[in-house]
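# Geometric and topological summary
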Amino acid sequence: MRHPHPRHARRGRGRGPISKRWIYWKRRYAHPTRRDWVLLGCLLGAIAAAACSFIDFRLGAVVLAVVPAGLAVFRAMPPTWSEVWTNRSKAVDIATCVLFAVLLIGLAFIVPQSR
């Protein structure tokens, strides 16, 4: 009677690491959560800012500053909408986002034009 091979000795069977990763990501993002939409919005804002920076450096900085300002507004919403963040202080999140937006706009207008 033949004994089955040990599990580690089998080769060529089962799914490979790439297909396993693909299945994981497909299941993970099949039904995006609110956090995923926030991340997508941030990415689109950064891409829009990069596109606007070809037109004007200051315009790109202002568009980029809209992203953290929008996050601050999103965080200030009632609890149903602000459940994206967990275990963090709401006031600190809002203050950090607003400070970052103000610093971006300030930096955009302090840096001299090179043209």
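Residues numbered from 1 in each chain as written. Predicted model: local features only at pLDDT ≥ 70, side-chain atom pairs only at ≥ 80, totals over all residues. Heavy atoms only, no water.

### Brief notes about a nonpolar patch on the surface
Residues Trp37, Leu40, Leu43, Leu44 and Ile47 make up a contiguous nonpolar surface patch of about 520 Å² in total accessible area. Summarising the element assignment, Leu44 is placed in helix 2 (residues 34–55). (Patch = residues over 30% accessible without salt bridge, like charges linked within 9 Å, V, L, I, M, F, W, Y side chains within 5 Å. Areas by Shrake-Rupley, 256 points an atom, 1.4 Å probe, with all protein chains shown as cover. Salt bridge = Lys/Arg side-chain N within 4 Å of Asp/Glu carboxyl O. Helix = DSSP H or I, 4+ residues; strand = E, 2+ residues; numbered from the N terminus.)

### Considerations on helix 3 (residues 57–76)
For helix 3, with 20 residues, the first-to-last C-alpha span of 29 Å sits near the 28 Å given by 1.5 Å per residue. Of the positions making up helix 3, those classed as buried are Arg58, Gly60, Ala61, Ala65, Val67, Pro68, Leu71, Ala72, Phe74 and Arg75. (Expected span 1.5 Å × (residues − 1). Buried < 20%, exposed > 50% of the residue type's maximum accessible area, 1.4 Å probe, protein only.)

### A look at the nonpolar core
One finds Val38, Leu71, Ala72, Phe74 and Cys97 forming the largest nonpolar core, which totals five residues. Here this core gets three residues from one element, more than from any other, and that element is helix 3. (Core = buried A, V, L, I, M, F, W, Y, C linked by side-chain atoms within 4.5 Å.)

### Here's the deal with the packing of helix 3 against helix 4 (residues 90–110)
When two helices pack together, their arrangement is captured by the angle between the axes and the distance separating the axes. Running from N to C, helix 3 and helix 4 point in directions that differ by 170°, and their axes come no closer than 8 Å. In terms of their interaxial angle, helix 3 and helix 4 are classed as roughly antiparallel. Every residue of helix 4 that contacts helix 3 at Phe57, Arg58, Ala61, Val62, Leu64, Ala65, Pro68, Ala69, Leu71, Ala72, Arg75 and Ala76 is listed here: Lys90, Asp93, Ile94, Cys97, Val98, Phe100, Ala101, Leu104, Ile105, Ala108 and Phe109. (Axes fitted to C-alpha atoms, helices over the stretch in contact; angles between N-to-C directions. Parallel < 35°, antiparallel > 145°, perpendicular 65-115°, else oblique. Contact = heavy atoms within 4.5 Å.)

### Thoughts on the side chain of Arg58
Looking at the secondary structure, you find Arg58 in helix 3. Among buried Asp, Glu, Lys and Arg side chains, Arg58 stands out as unpaired, with Asp56 the closest opposite charge at 5.9 Å. When sequence neighbours within four positions are dropped, the list of residues in contact with Arg58 reads Ala108, Phe109, Val111, Pro112 and Gln113. (Lys, Arg positive; Asp, Glu negative; His and termini not counted.)

### Observations regarding the confidence of the model for the chain
On average, the chain scores 76 in pLDDT, and the residues at 70 or more come to 77%. Highest mean pLDDT in the chain belongs to helix 3 (83); lowest belongs to helix 1 (residues 17–28) (79). (pLDDT = per-residue confidence, 0-100.)

### Structural notes on helix 4
In this model, helix 4 (21 residues) spans 30 Å end to end at C-alpha, consistent with the 30 Å of a helix rising 1.5 Å per residue. All of the buried residues in helix 4 are Asp93, Cys97, Ala101, Leu104 and Ala108. Down the axis of helix 4, the smallest arc covering the buried residues is 65°, so these residues share one side. Away from the buried face of helix 4 by more than 90 degrees, exposed residues Ala91, Leu99, Val102, Leu103 and Ile110 are located. As for helix 4, its buried residues are in contact with helix 3. (Arc of directions from axis to C-beta.)

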